[in-house]
Amino acid sequence: MRRAVCPGSFDPITNGHLDIIARASRLYDEVYVAVMINKSKKGLFDIEERIELIRQVTADFANVRVEAFHGLLVDFCKQRDIPAIVKGLRAVSDFDYELQMAQMNVGLTGVETLFVPTNPTYSFLSSSLVKEVAAWGGDVSHLVPPVVLDALNERLRKD
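Residues numbered from 1 in each chain as written. Predicted model: local features only at pLDDT ≥ 70, side-chain atom pairs only at ≥ 80, totals over all residues. Heavy atoms only, no water.

### A few points about the pairing of strand β5 (residues 112–117)
Stated formally: DSSP calls a pair of strands paired once it identifies at least 2 bridges connecting them. Strands here mean DSSP runs of E at least two residues long; helices mean DSSP runs of H or I at least four residues long; both are numbered from the N terminus. Handedness rule for crossovers: strands pointing away from the viewer, path from the first strand over the helix to the second running clockwise, crossover right-handed.
In this structure, strand β4 (residues 84–89) lies alongside β5, joined through six bridges in parallel fashion. Counted as the bridge partner of Leu 89 is Pro 117 from β5. Taken together, β4, helix α4 (residues 92–109) and β5 constitute a β-α-β crossover, and its handedness is right-handed.

Laid out in structure tokens, this is it:
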């Protein structure tokens, strides 16, 4: 069975993330979406909320699993016999950082990283920008799945 992981914080998941996950799900038998737990950062959504949103928007992909992870991604991979990490690249600046990570990961455990060029429609997109624009009342409906938009709007009204 061919397995891969798509890691990230997904706070919140965007259409750009979803595009990479969908593409990976067509290439691999099983795709894990690994949601990073970073105790030093306060996210807009807690880890359980992020996992639930991701499960909802990936429900049509029978081969996608969503799990939280803490620590080194390569340990997550080794525990699940996952030989490949799939990462989307938006720009050259992403490549510079991600290449270093990929080289470290393969050096540590032999886990390979595959870079997927992002769909040009989403080349500017990040969770941080989505949160910032939404917080200022901007329209992000074309940047996130509808269930995520609803969650964003509800959360931002509370704060």
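There's plenty left to go through after this.
### Considerations on unusual backbone geometry
Omega for the peptide link from Asp 11 to Pro 12 comes to 0 degrees, which places this bond in the cis form. Position of Pro 12 among the secondary structure elements: in the loop between β1 (3–8) and α1 (15–27). For Phe 10, which is not glycine, the phi torsion reads 50 degrees and is therefore positive. Along the polypeptide, Phe 10 turns up in the loop between β1 and α1. Backbone geometry places Asp 81, a non-glycine residue, at a positive phi of 55 degrees. Position of Asp 81 relative to the elements: it lies in the loop between α3 (73–79) and β4.

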